[in-house]
Amino acid sequence: MYSKPMNHDVAVIGAGPQGLLFAIWLKRERPSLNIVILDRAESPGHKIGESTLSGFCRAMRSTGIRHEVLQRLFYTKNGLGFFYSDTNTSDLQTAPEYITETFDETFQVERRTCDSLLVANANRVGVSVLWHHRVKPNESVFSAGANRLECETPRGRVAINARFVVDASGPSSVLGRHFSRYCESNVPFQTSAAWAYFKNVKWLNQYQGWRNTAEFPRDEYTQHICFKEGWVWYIPIISWQKATDDNLMEMLNYLATPDSPMLTRDELSQKFNCPYEQIWSIGIVLRSDRDQVLAQGPQAAFEHYKRKIPALTTLLDGAEILKDHYPNHNPYAVRKNFRRFAQQITGDGWLLIGDAAFFIDPLRSPGLTGGVATAYYAVQEILGALDEGNLSRSRFDRYEAYVQDLFDMLEEQNQIAYMSHNHPQAISLVRRFGEVSSRGHFNGICDEPYQMADTNVWGHLCPKHRQRQRIVWKIMREEEVEVGARSPIEEQEPKDYERMMFRLRQAVGGHLDLHMSLTPYIMHNKREQIQLSPTKAIAKPYWVHPAQRKHNVRSANLIADRI
Ligand SMILES: Cc1cc2nc3c(=O)[nH]c(=O)nc-3n(C[C@H](O)[C@H](O)[C@H](O)COP(=O)(O)OP(=O)(O)OC[C@H]3O[C@@H](n4cnc5c(N)ncnc54)[C@H](O)[C@@H]3O)c2cc1C
């Protein structure tokens, strides 16, 4: 059965955070636009991707969501903690530890609640979200100014006409795959994850005898337990999973209304009959070139690394696995080799954002935040293209190059982070290196309007930082290859990487010391230092198309000169 096609200015495939943020931003910028989001799911449901950074929380707030609402719904996250742990480290308290704080208070989000909150906000600003609409790309037509999306729905086929299509379909990458431009095999440096949800995990804050005192309770950091094959994440979550869809949506609609009185979490729970509980998300992420165990299944990987890494044994001691907390979710979930990307990001009348464009790795929580950087940039470019009446692929060359550049930068940064697990001091050096560039360019403490400098990735794209990052990557890679040629991974120890540390300190040590104030790590971990970061002045995007950089790096260097 066919109904009459519906006409829209912009159609978005996928009601995940990136599709929703994109649509809300676009609608707020241009209220006259008719925007629709299509999602194949029945309603927002459970997804992985729980730990957020400032860039993402700011994006949420910039849509009108109050910070207090995030505080009521989610568990607080004040930063990222890194423990170096190996078979010789007997417990967390004595493991080398490094902490960085997020720019402002962020959150560990349960995705059904987070995505539903954005849906409530999208509805409020006048964006339609159509659930149970699966876009069928093979039966659709893609053409600048005249796209026609064929959707499968429970009531039969529906056609949606749209001048422009934004693919925010996450790992499905509907258009990336349709145009055979999606690359997920033969990607070097792959990682895989196994994860599960637990209750009765012992709060880290109850451990006795920490060497240093962190500014916030250790449970309020996403904790990373790092070892040479990979790392473990530790994320406390406030779960509203037992609330029905209707009750949850009623509560979120209430909270999305700007002047609704702010109730406590318990009052909200009672008023809307939405029970909540404390659970933990714990996952292991493993380098595919170093781990042999995940092939035997996610549970086997958990048991193996729990035995091998004493700090993980302590963490999971007494914890109770949740077997059926989320529907259609195995007690031990697994996602293998998840690094993937689309080789073509734009086409005539369409482009990709978020995970539909690429996904690299959860280490240091960059997924949602990197995605926001694509969604926000896409809004700016599409507004310009609509004004000019030019929706052809060539109009989006700059966006295409930006996303490719972002991917290259994040990919290199991610490999550096994994290679830093070869030596405890490399973890802190690499963290400080990243902090200098991201804090040096962050946009102070502000919520609206959102700017490119509000994305955590912004500073990392600075050409000067990229040059330094390349040097760091090269040193680490050369050392890893050389040590790897001498001894198998099981036999490698931090002392094998002393020369790497020496070379790294020579290459970037001076730069890091010069900008000590931008890396407020645990030793001098004061809130004021974060706010004093010299970042207020950045008003507009400085990112320069790589092809133009030689001739047109003025604005980039102006900023870069400051760090
Ligand atoms: C193991 C693991 C751990 C992670 N941890 C973190 C973390 O701690 N922090 C973080 O920031 N990120 C993390 N991520 C990444 C994070 O999950 C993603 O970056 C994020 O979910 C991407 O959001 P999105 O909006 O692009 O896509 P999604 O949230 O995947 O949304 C895509 C939507 O498109 C819909 N869709 C798909 N196909 C169709 C179709 N044909 N028609 C209509 N609709 C369709 C889907 O139903 C879905 O709702 C992690 C990822 C993995 C694999």
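To be clear, the structure that these remarks concern was listed above.
Everything in this summary refers to the structure shown in the same document. Counting of residues starts from 1 at the beginning of each chain's written sequence and follows it residue by residue. Only residues with pLDDT of at least 70 get local features here, since the model is predicted, and only at 80 or more are side-chain atom pairs given and counted; chain-wide, interface and lining totals rely on the full set of residues. With hydrogens and water stripped out, all remaining heavy atoms of the structure feed into the side-chain values.

## Re the overall build of the protein
Think of it this way: any DSSP run of H or I at least four residues long counts as a helix, any run of E at least two long counts as a strand, and we number them from the N terminus. When you go through the protein residue by residue, the secondary structure sums to 16 helices and 19 strands. Three labels apply to residues, based on accessible area from a 1.4 Å probe with only protein chains included: buried if under 20% of the type maximum, exposed if over 50%, partly exposed otherwise in between. Classification of the 563 residues of the protein by burial places 62% in the buried group. Contacts are assigned to residue pairs with any non-hydrogen atoms lying within 4.5 Å of each other. Considering only contacts in the protein between residues 6 or more positions apart, those separated by 24 or more positions represent 79%.

## Comments concerning the packing of aromatic side chains
Aromatic rings in a pair are described by how distant their centres are and how their planes are angled relative to each other. Only rings of Phe, Tyr and Trp enter the pairing, Trp through its six-membered ring, and a pair is recorded when the two centres are within 6.5 Å. The plane angle decides the type: under 30 degrees is stacked, over 60 is edge-to-face, the rest tilted. One pass over the full model with this rule turns up 20 aromatic pairs. With 5.4 Å between their ring centres and 70° between their planes, Phe358 and Phe407 make a pair best called edge-to-face. Taken together, the residues Phe358 in strand S19 (residues 358–359) and Phe407 in helix H11 (residues 397–419) connect sequence positions 49 residues apart. Assigned by exposure class, Phe358 and Phe407 land together as buried. Joined through ring pairs, the aromatic side chains of Tyr75, Trp203 and Trp280 make up one cluster. Lys202 extends its terminal NZ or CZ atom over the ring of Tyr207, reaching a point 4.6 Å from the ring centre. For a lysine, the NZ atom is tested; for an arginine, the CZ atom; a charge sits over a ring if that atom is within 6 Å of the ring centre and within 35 degrees of the ring normal. A cation over an aromatic ring shows up here: Arg265 above the ring of Tyr276, its NZ or CZ 5.7 Å from the ring centre.

## Some words on unusual backbone geometry
Trans is the prevailing form of peptide bonds, just as negative phi is the prevailing case for residues other than glycine. Even without a glycine there, the phi angle at Ser173 is positive, about 35°. Relative to the helices and strands, Ser173 is located in the loop between strand S8 (156–167) and helix H5 (174–178). Backbone geometry at Ser180 places phi at a positive 55°, although glycine is not the residue there. Looking at Ser180, the relative accessible area reads 60%, which means it is exposed.

## Some thoughts on the pattern of salt bridges
When a carboxyl oxygen of Asp or Glu is within 4 Å of a side-chain nitrogen of Lys or Arg, the pair counts as a salt bridge. All chains considered together, the criterion is met by 35 salt bridges. A salt bridge links Glu479 to Arg503; the shortest N-O distance between them is 2.9 Å. Residue Glu479 is located in helix H13 (residues 463–486), and its partner Arg503 is located in helix H14 (residues 498–514); the two are separated by 24 residues in the primary sequence. Using a relative accessible area of 2% as the deciding quantity, one classes Glu479 as buried. By relative accessible area, Arg503 is classed as partly exposed at 26%.

## Some details on the sheet that holds S19
Should DSSP find at least two bridges between two strands, the strands are regarded as paired. Pairing is antiparallel across the open sheet formed by three strands, whose spatial order is S9-S16-S19. Of all strands in the sheet, those with a lone pairing partner are strand S9 (182–183) and S19, marking the two edges. In this structure, S9 lies alongside strand S16 (residues 340–342), joined through two bridges in antiparallel fashion. Across the sheet, residue Cys183 finds its bridge partner in S16, namely Phe341.

## Things to note about the pairing of strand S7 (residues 147–153)
Where burial is concerned, most of S7 is hidden: five out of the seven residues are buried. In this sheet, S7 lies alongside strand S6 (residues 134–135) in antiparallel orientation, the contact comprising two bridges. Within S7, the position partnered with Arg134 by the bridge is Glu152. Bridge count for S7 against S8 is seven bridges, and the pairing is antiparallel. Paired with Glu150 across the strands is Ala159, a residue of S8. Hairpin connection between S7 and S8: a loop of two residues separates the two successive antiparallel strands.

## Quick word on the site of the ligand
Nearness is judged by heavy atoms alone; a residue qualifies as near a molecule or strand once a single heavy atom is within 4 Å of it. Around the ligand, 34 residues are found, and the nearest of them are Asp39, Ile48, Ser51, Asp355 and Leu368. Between N or O atoms, a polar contact is any pair within 3.5 Å; within protein, one atom must be a potential hydrogen donor and the other a potential acceptor, and residues adjacent in sequence are included only when both atoms are from side chains. Taking Arg40, its main chain carries an N or O atom lying 3.1 Å from a nitrogen atom of the ligand. Within the side chain of Asp355, one N or O atom sits 2.9 Å away from an oxygen atom of the ligand. To measure how exposed things are, a 1.4 Å probe is used in the Shrake-Rupley method; for residues, cover is taken only from the protein chains shown. Here the ligand loses 94% of its free accessible area of 1,000 Å² to cover by the protein chains. Of all the secondary structure elements, the ones that give two or more residues to the shell around the ligand are helix H1 (17–29), S6, strand S10 (191–199) and helix H10 (367–388). Only Asp, Glu, Lys and Arg are considered charged, only Ala, Val, Leu, Ile, Met, Phe, Trp, Tyr, Cys and Pro nonpolar, and every remaining residue, Gly among them, polar. Looking at the shell around the ligand, its residues break down into 14 nonpolar, 12 polar and eight charged.

## Focus on the side chain of Thr106
Here Thr106 is to be found in strand S4 (residues 97–108). Sequence-distant contacts of Thr106, that is, excluding residues within four places in its chain, are made with Thr52, Leu53, Ser54, Cys57, Tyr75, Thr76 and Lys77.

## Observations regarding the side chain of Ser365
Its place among the elements puts Ser365 in the loop between S19 and H10. Reaching out from Ser365, the side chain makes a polar contact with the side chain of Lys77 at a distance of 3.2 Å. The contact partners of Ser365, leaving out residues within four places of it in the chain, are Ser51, Leu53, Lys77 and Leu80.

## Considerations on H13
For H13, which comprises 24 residues, the first-to-last C-alpha distance of 35 Å matches the rise-based estimate of 34 Å (1.5 Å per residue) to within 8%. Buried within H13 we find Pro463, His465, Arg466, Gln469, Val472, Trp473, Ile475, Met476, Glu479, Glu480 and Val483. Any helix carries an expected span of 1.5 Å times its number of residues minus one.

## Some remarks on the environment of Ala193
Summarising the element assignment, Ala193 is placed in strand S10. Relative accessible area serves as the criterion here: at 3%, Ala193 is assigned to the buried category. Spatially, the C-alpha atoms of Ala193 and Lys308 are 17 Å apart, while their sequence positions differ by 115 residues.

## Remarks on the environment of Gln413
Mapping Gln413 onto the fold places it in helix H11. For the pair Gln413 and Val430, spaced 17 residues apart in sequence, the C-alpha to C-alpha distance is 9.1 Å. Not counting residues up to four positions away in its chain, the partners in contact with Gln413 are Arg364, His460 and Gln469.

## A closer look at the packing of H1 against H10
When two helices pack together, their arrangement is given by the angle between the helix axes and by the axis-to-axis distance. Axes here mean lines fitted to C-alpha atoms, for a helix over just the part in contact, with angles spanning 0 to 180 degrees between N-to-C directions. Running from N to C, H1 and H10 cross one another at 35°; their axes reach a closest spacing of 9 Å. When the axes of H1 and H10 are compared, the crossing they make is right-handed. In this structure, H1 contributes Pro17, Gln18, Leu21, Phe22, Trp25, Leu26 and Glu29 to the contact, and H10 contributes Gly367, Leu368, Gly371, Val372, Ala375, Tyr376, Ala378, Val379, Ile382 and Leu383. Of the residues in the contact of H1 with H10, the class split is 13 nonpolar, three polar and one charged. Two helices that cross are described as forming a left-handed crossing if the nearer one is turned anticlockwise from the farther one by less than a right angle, and a right-handed crossing if clockwise.

## Quick notes on the pairing of strand S11 (residues 221–227)
Two faces make up the sheet, and in a regular strand the side chains alternate between them. Summarising burial for S11: seven of the seven residues are buried, a large majority. Going residue by residue along S11, you find Tyr221, Gln223, Ile225 and Phe227 tucked away on one face and Thr222, His224 and Cys226 tucked away on the opposite face as well. As defined by bridge partners, strand S3 (residues 75–84) adjoins S11 across six bridges and the pair is classed as parallel. Considered in S11, the bridge of Phe82 is made with His224. Bridge count between S11 and strand S12 (residues 230–239): five bridges; the pairing is antiparallel.

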